[in-house]
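Observations on chain architecture
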Amino acid sequence: MGNTVAREDFEWVYTDQPHADRRKEILAKHPEIKALMKPDYNLIWVVVLMVLAQLTAFYLVKDLDWKWVVFWAYVFGSCISHSMTLAIHEISHNSAFGNSKAMWNRWFGIFANLPLGLPYSISFKRYHMDHHRYLGGDGIDVDIPTNFEGWFFCTPFRKFMWIVLQPFFYAIRPLCINPKPITRLEVINLLAQLSFDVVIYYLWGVKSIFYMLAGSVLGLGLHPISGHFIAEHYMFLKGHETYSYYGPLNLLTFNVGYHNEHHDFPNIPGKSLPLVKKIAAEYYDNLPQYNSWIKVLYDFVMDDTISPYSRMKRQLKGEVKQE
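Conventions we followed
- Residues numbered from 1 in each chain as written.
- Predicted model: local features only at pLDDT ≥ 70, side-chain atom pairs only at ≥ 80, totals over all residues.
- Heavy atoms only, no water.
- UniProt positions renumbered as here; feature names shortened; annotations may be inferred.
- Helix = DSSP H or I, 4+ residues; strand = E, 2+ residues; numbered from the N terminus.
- Rg over C-alpha atoms; globule rule 2.2 N^0.38 Å.
- Buried < 20%, exposed > 50% of the residue type's maximum accessible area, 1.4 Å probe, protein only.
- Contact = heavy atoms within 4.5 Å.
- Arc of directions from axis to C-beta.
- Axes fitted to C-alpha atoms, helices over the stretch in contact; angles between N-to-C directions.
- Parallel < 35°, antiparallel > 145°, perpendicular 65-115°, else oblique.
- Left-handed = near helix turned anticlockwise from the far one by under 90°.
- Nonpolar A, V, L, I, M, F, W, Y, C, P; charged D, E, K, R; others polar.
- pLDDT = per-residue confidence, 0-100.
- Lys, Arg positive; Asp, Glu negative; His and termini not counted.
- Salt bridge = Lys/Arg side-chain N within 4 Å of Asp/Glu carboxyl O.
- Polar contact = N/O pair within 3.5 Å; in protein donor to acceptor, adjacent residues only side chain to side chain.
- Phe/Tyr/Trp six-rings, centres within 6.5 Å; stacked < 30°, edge-to-face > 60°.

Where an unreviewed UniProt entry is consulted, the chain appears under the name Sphingolipid delta(4)-desaturase DES1, with the organism given as Pipra filicauda. Annotation of the chain in UniProt includes, under Function (unreviewed entry), the sentence "Has sphingolipid-delta-4-desaturase activity. Converts D-erythro-sphinganine to D-erythro-sphingosine (E-sphing-4-enine). Catalyzes the equilibrium isomerization of retinols." In its Sequence similarities (unreviewed entry) section, UniProt records this for the chain: "Belongs to the fatty acid desaturase type 1 family. DEGS subfamily."

Listed below in structure tokens is the structure:
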């Protein structure tokens with residue numbers, strides 16, 4: 001089982017998050033970056049093709065043996081599903097249609113959500129904006145694990161299980177940390193999703209539904225792409241709360257690995273974040289970074305100094321305006 005990690009609480013800090021100040025400094029030095037603050041219309045077509053790819057897969061798996069349904073759910077479906085959650089992440093930042101058409105982005109997010117099987121898009125948008133405004137904010141940022149997660153998942157085996165169960169924790173954590181009243185759009189997201197699931201079951205049966213749901217759960221759990229959940233903000237180096245990843249899996253994840261760049265410029269689509277790094281290289285090249293999400297997962301499990309407690313947490317001051 002391994003030894004219990006030494007850390008017994010989060011790393012409390014009493015400074016503001018670094019991203020707003022760095023954004024101001026970079027824009028003052030490189031105003032040309034403002035030209036990158038525009039929608040990525042290619043995102044629309046990529047999402048449509050991903051939805052069509054999953055619809056095709058739902059049809060193809062309907063008559064397969066169960067072992068092959070499970071195989072393709074992990075090998076193919078999980079990759080598409082996780083990639084689609086990161087497309088929804090892009091859409092939550094209005095990257096598809098721009099800030100002037102915010103509702104178009106919300107409806108498109110509900111469409112992108114369909115092949116995941118469970119309603120996600122609208123609720124994610126509400127909580128993710130809080131994550132950007134109040135990074136590490138106690139009781140606000142639901143990306144921060146609960147005290148129970150930090151206390152219990154403290155050995156290699158338990159941390160391994162925590163990674164496997166990440167979809168479960170991401171679903172219930174908002175209800176524990178920062179529950180919000182349900183909105184009309186969330187109800188629409190739910191009804192649209194249930195209707196889609198019923199249609200898929202009616203047309204192609206239980207194996208297609210299993211493939212859809214298993215792909216989503218497996219893709220967000222023990223999967224190489226899931227390394228980004230830990231790589232983004234878990235404190236492998238003391239004093240650094242955001243880390244970027246510059247490996248090949250960015251091709252499947254809309255460059256979510258460029259995470260320092262993303263938090264500095266959340267209104268720049270993922271497609272353009274490599275340009276941000278190139279233009280302002282003096283700000284990013286010397287920051288801690290990763291080249292392998294698989295290694296991040298391995299190190300998280302095996303390093304006794306790292307656990308769900310390895311996050312910076314701050315007590316927010318002044319008025320808090322949530323999404």
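For the chain, the count of helices and strands is 15 helices and four strands. Its C-alpha atoms give the chain a radius of gyration of 20 Å, near enough to 20 Å, the size a compact globule of 323 residues would have. Oriented by its inertia axes, the alpha-carbon framework of the chain measures out at about 55 × 50 × 40 Å. Taking all 323 residues of the chain together, the buried fraction comes to 53%. Considering only contacts within the chain whose residues lie at least 6 apart along the sequence, 80% involve residues at least 24 apart.

Right, let's get into helix α1 (residues 19-29). Within the sequence span of α1, burial applies to His-19, Arg-22, Ile-26 and Leu-27. Around the axis of α1, the buried residues are gathered within 130° of arc, so they sit on the same side. Across from the buried face of α1, at angles greater than 90 degrees, the exposed residues are Asp-21, Lys-24 and Ala-28. On its buried face, α1 is in contact with α12 (259-264) and α14 (281-284).

Turning our eyes to something else, we now look at the packing of helix α4 (residues 102-113) against helix α9 (residues 184-204). Where α4 meets α9, the axes come as close as 9 Å, and the angle between the chain directions of the two elements is 30°. Taken as axis vectors, α4 and α9 run roughly parallel relative to one another. The element α4 and its partner α9 pack so that their crossing is right-handed. Where α4 approaches α9, its residues Met-103, Arg-106, Trp-107, Ile-110 and Asn-113 are matched on the opposing element by Leu-185, Ile-188, Asn-189, Ala-192 and Gln-193. Its residues assigned to classes, the contact of α4 with α9 shows six nonpolar, three polar and one charged.

Let us look at the confidence of the model for the chain. Per-residue confidence for the chain averages 94 on the pLDDT scale, and 98% of its residues sit at or above 70. In this model residues 1-5 is a low-confidence stretch, pLDDT under 50, and it forms 15 contacts with partners more than four residues away in sequence or in other chains.

Attention now moves to the UniProt feature "transmembrane region" (unreviewed entry) in the chain. Following the UniProt record, one finds the feature "transmembrane region" (unreviewed entry) at residues 43-61, 68-87 and 107-124. Taken end to end, residues 43-61 is 100% helix and 0% strand, and its two terminal C-alpha atoms sit 27 Å from one another. Taken end to end, residues 107-124 is 61% helix and 0% strand, and its first and last C-alpha atoms sit 14 Å apart.

Structurally, the position occupied by Glu-261 is in helix α12. With no salt bridge to any partner, buried Glu-261 finds its closest opposite charge in Lys-277, at an N-O distance of 5.7 Å. Looking at Glu-261, its side chain comes within polar contact range of the side chain of Ser-244, at 2.8 Å. Within the structure, the side chain of Glu-261 is placed 2.6 Å from the side chain of Tyr-246, a separation counted as a polar contact. Apart from residues lying up to four places away in sequence, Glu-261 is in contact with Ser-244, Tyr-246, Leu-273, Val-276, Lys-277 and Tyr-284.

Quick look at the packing of aromatic side chains now. Under the defined criterion, the tally for this structure stands at 26 aromatic pairs. Ring geometry for Trp-68 against Phe-71: centres 5.4 Å apart, planes inclined by 80°, an arrangement best described as edge-to-face. Here the residue Trp-68 and the residue Phe-71 both occupy positions in helix α3 (residues 66-92), the gap between them amounting to three residues, near one helical turn. Judged by its relative accessible area of 36%, Phe-71 is partly exposed. With centroids separated by 5.5 Å and ring planes inclined at 10°, the aromatic side chains of Phe-148 and Phe-152 adopt a geometry described as stacked. With a gap of four residues between them, Phe-148 and Phe-152 both fall in helix α6 (residues 147-152), about one helical turn apart. Connected via pairs of aromatic rings, a cluster forms that spans Phe-148, Trp-151, Phe-152, Phe-153, Phe-168 and Phe-169.

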